[in-house]
Amino acid sequence: MEIHNTTEDTVFSAISEICASIEKQGNPGKFCLCDQCRMDAACFVLNRIAPHYIRSNRGAARIDQKTLSRQQQDADTVSLVLEALKRVSHNQRPNTDHTRGPAKEIAWGPVFFNIPTIIGRAFNGANFSPLADARVELRREGKQEEMKNRNWENPCTLVANTQGTFTFWPESIPAKDAGARKNFEYSITIEAAGFEIQRHFFEVPVISESGDAESFSMNRTHTLPDLYLFPPGGDED
Ligand SMILES: [Zn+2]
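Values in this document were obtained by computation on a predicted structure and should not be read as measured data.

Our focus in this paragraph is the side chain of R140. Within the element layout of this structure, R140 appears in strand β5 (residues 135-140). Accessibility expressed as a relative area gives 17% for R140, which makes it buried. In this structure R140 touches E145, I173, F184, E185 and Y186, once residues within four positions along its chain are discounted.

Turning our eyes to something else, we now look at the confidence of the model for the protein chain. Of all residues in the protein chain, 82% attain a pLDDT of 70 or more, and the chain-wide mean is 81. Low pLDDT, under 50, characterises residues 101-107; the stretch is placed with seven contacts to residues that sit more than four places away or in other chains. The low-confidence segment residues 215-219, where pLDDT is below 50, has twelve contacts with residues more than four positions distant or belonging to other chains.

With that settled, the discussion passes to helix α2 (residues 35-46). End to end, α2 covers 16 Å across twelve residues, agreeing with the expected 16 Å (1.5 Å per residue, within 8%). Burial analysis of α2 places nine of its twelve residues in the buried class, the great majority of the element. Considered for burial, the residues of α2 that qualify are D35, C37, R38, M39, D40, A41, A42, F44 and V45.

We now examine the environment of Q36. Counting through the fold element by element, Q36 comes out in helix α2. Relative accessible area serves as the criterion here: at 24%, Q36 is assigned to the partly exposed category. For the pair formed by Q36 and V88, sequence separation is 52 residues and the distance between their alpha carbons is 9.6 Å. What Q36 contacts, discounting residues up to four positions off in sequence, is R93 and T96.

Procedures and definitions
Residues numbered from 1 in each chain as written. Predicted model: local features only at pLDDT ≥ 70, side-chain atom pairs only at ≥ 80, totals over all residues. Heavy atoms only, no water. Helix = DSSP H or I, 4+ residues; strand = E, 2+ residues; numbered from the N terminus. Buried < 20%, exposed > 50% of the residue type's maximum accessible area, 1.4 Å probe, protein only. Contact = heavy atoms within 4.5 Å. pLDDT = per-residue confidence, 0-100. Expected span 1.5 Å × (residues − 1).

So, in structure tokens, the structure goes:
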């Protein structure tokens, strides 16, 4: 089960549309419409309107199109976006390249499948205590998966004070178009001395979107069922 702030969808999409229409009119207000300034504008707006969270158990469930366009056309949202672009343009980050770069086919930056953080727990199946000193590896398509950054380890080692919990944040995967749905197939392999290897296969459905999750602090999680390891030589199923 995850939660998702649909206000982010509304704001990102509103900014994208408003910038497109400003460009079409020849940008009379001389706003900077570079990616960095759009992101700053998004933060400005998101910090001023109420978030709206929904539960989404399919991982990437999104706000429906009708609600999106209704919220987007909301006069308050539009005027906030315009105010944000104006303020951001007048307070541009000095050490940022404000050119938009080569023309892109899509409205806003490159498109990614932003993989949620994967969270699970491993237990000793004989006495239900959390496992420690176990090696946990995340693989996708048979290969060890790259992590988002160096703060995340793969494989990781379960240590005694984490109650058997492990987390992975996979690197975002480049996509061709926004809005494409794809199931990514992963496996978790847990190895600990005195136990049979546990392998768990699962799928994570993701919808591609503009931007790398890191930039937008979209915190999503995919929670696995609890996994149990047993000593070798137990009864067959
Ligand atoms: Zn700029």
